[in-house]
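# Structural overview
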Amino acid sequence: MGRLLSTRRRHPLAAIAVLVAVLFTAGGAYAALAPTTSQNVQAASSTQIDEGRQLFAIGCSSCHGLNGEGQINDNGDVLGPSLIGVGAAAVDFQVGTGRMPLAAPSAQAERKPVSYSQDQIDAMAAFVASLAPGPDVPDEEYLDTSQGNVARGGELFRTNCSQCHNTTGQGGALTMGQFAPNLTGVEPRHIYEAMITGPQAMPVFNDQTVTPEDKRDIIAFLESVQNEPDPGGLAIGRAGPVAEGLWAWLVGIGLLIGMATWIVTRSSKA
Ligand code: HEC
Ligand code: HEC
């Protein structure tokens, strides 16, 4: 059922459907009617949406506009992109990992301590979801890793994710000052939401390419990797994605340079 719905959402006609839906949203009428059509959509009450609208006006509208339409400053720089159609999942991911509210413009919004309670995040997510349909927060069923297949998850991870996040999710640098973060300790719901919303340089893995069951397998794999003892015997502090990624780069490259120098000095002596 959930799959059928999400298949429709990605249909080419979905864009038109979204447009039509947006037209009907005027006055929040859509929000009042929609939740009954899908078991997947959290029953967002109008009071919750109102609370979300208020929180959003205070904390987010300076960059994203009062109605999530996005903001551009006088120089034509985008202060915040439009959030129409990004869905509850994007808000839950961005605010739930502390990326939003963005403190200052940078190459990449980074994880920070979370500034809102889960209730407040839910309210803002409900508000943004009321603007236009978009990916919803995942069903508990797909976060229950005890039902996941770790071996399959590992295969899927190596095919779809490891080119950026490394074979065990340790992360790595990308171009233009961006990086794919270390996935250690990321909550299952945020892993799922990253896949369906594709933050920044990360692609969206829709339910046709990677089914909800596949996503659960991937999450189960990441969980099992974390619970393994450190193969090299060193946890390098597990200080978080940035420190750890940087450490890996510095030490890795330093070691390579050291080895190269050593080989050169040895061969020149011979
Ligand atoms: C200082 C400006 C600023 C503030 C304040 C801010 N944002 Fe953002 N937001 C941005 C920018 C810039 C991006 C795009 C950056 C990126 O992709 O990493 C973004 C991206 C997002 C996205 C991802 C959109 C997508 O396409 O997936 C969401 C969701 C979001 N913001 C929600 C919020 C919410 C909710 C708040 C308030 C709690 C908030 N933002 C506050 C600037 C801001
Ligand atoms: C093209 C490179 C790329 C691929 C492929 C990719 N990601 Fe990402 N991923 C990123 C980047 C870049 C970010 C950081 C985005 C941001 O901070 O806004 C990210 C962020 C994440 C996060 C958030 C981590 C955190 O610290 O909150 C998760 C979880 C994640 N990715 C999981 C996955 C999974 C699972 C796959 C495979 C299905 C995958 N990614 C494939 C580039 C990639």
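Residues numbered from 1 in each chain as written. Chains lettered and ligands numbered in written order. Predicted model: local features only at pLDDT ≥ 70, side-chain atom pairs only at ≥ 80, totals over all residues. Heavy atoms only, no water.

Identification of the protein as Cytochrome bc1 complex cytochrome c subunit from Jiangella rhizosphaerae is taken from an unreviewed UniProt entry. Comment text from UniProt for the protein, heading Subcellular location (unreviewed entry), reads "Cell membrane". Quoted verbatim from the Subunit (unreviewed entry) field of UniProt, the annotation for the protein is "The cytochrome bc1 complex is composed of a cytochrome b (QcrB), the Rieske iron-sulfur protein (QcrA) and a diheme cytochrome c (QcrC) subunit." (UniProt positions renumbered as here; feature names shortened; annotations may be inferred.)

The next point concerns the site of ligand 1. Taken together, 19 residues lie around ligand 1, and C60, C63, H64, M100 and Q200 are the ones closest in. H64 is positioned with one of its side-chain polar atoms (N or O) 2.8 Å from a nitrogen atom of ligand 1. No other element matches helix α6 (residues 87-96), which puts 4 residues into the shell around ligand 1. Looking at side-chain class alone, the shell around ligand 1 contains 15 nonpolar, 4 polar and no charged residues. (Near = heavy atom within 4 Å. Polar contact = N/O pair within 3.5 Å; in protein donor to acceptor, adjacent residues only side chain to side chain. Helix = DSSP H or I, 4+ residues; strand = E, 2+ residues; numbered from the N terminus. Nonpolar A, V, L, I, M, F, W, Y, C, P; charged D, E, K, R; others polar.)

A contiguous nonpolar patch, built from L246, W247, L250, V251, L255 and M259 and spanning about 630 Å² of accessible area, is present on the exposed surface. Within the secondary structure, L246 is located in helix α12 (residues 241-269). (Patch = residues over 30% accessible without salt bridge, like charges linked within 9 Å, V, L, I, M, F, W, Y side chains within 5 Å. Areas by Shrake-Rupley, 256 points an atom, 1.4 Å probe, with all protein chains shown as cover. Salt bridge = Lys/Arg side-chain N within 4 Å of Asp/Glu carboxyl O.)

This paragraph deals with the coordination of the iron atom of ligand 1. Taken together, H64 (NE2) and M100 (SD) make up the protein donors of the iron atom of ligand 1, found 2.0 to 2.3 Å from the metal. Take H64: its relative accessible area is 10%, and that puts it in the buried class. (Donors = N, O, S within 2.8 Å, 3.2 Å for Na, K, Ca; no water. Buried < 20%, exposed > 50% of the residue type's maximum accessible area, 1.4 Å probe, protein only.)

We now examine helix α11 (residues 212-227). When the terminal C-alpha atoms of α11 are compared, their 23 Å separation across 16 residues agrees well with the 22 Å that a helix rising 1.5 Å per residue should span. Every buried residue of α11 is listed here: P212, D214, K215, R216, D217, I218, I219, A220, F221, L222 and V225. (Expected span 1.5 Å × (residues − 1).)

Bringing the packing of α6 against helix α10 (residues 188-197) into the picture now. Interhelical geometry of α6 versus α10 gives an angle of 125 degrees and a closest axis separation of 9 Å. As the angle between them shows, α6 and α10 are arranged oblique. Crossing geometry of α6 relative to α10 is assigned as left-handed. Side by side, α6 and α10 meet where A89, A90, D92, F93 and G96 of the first sit next to R189, H190, E193, A194, I196 and T197 of the second. When the residues that make up the contact of α6 with α10 are grouped by side-chain class, the tally is 5 nonpolar, 3 polar and 3 charged. (Axes fitted to C-alpha atoms, helices over the stretch in contact; angles between N-to-C directions. Parallel < 35°, antiparallel > 145°, perpendicular 65-115°, else oblique. Left-handed = near helix turned anticlockwise from the far one by under 90°. Contact = heavy atoms within 4.5 Å.)

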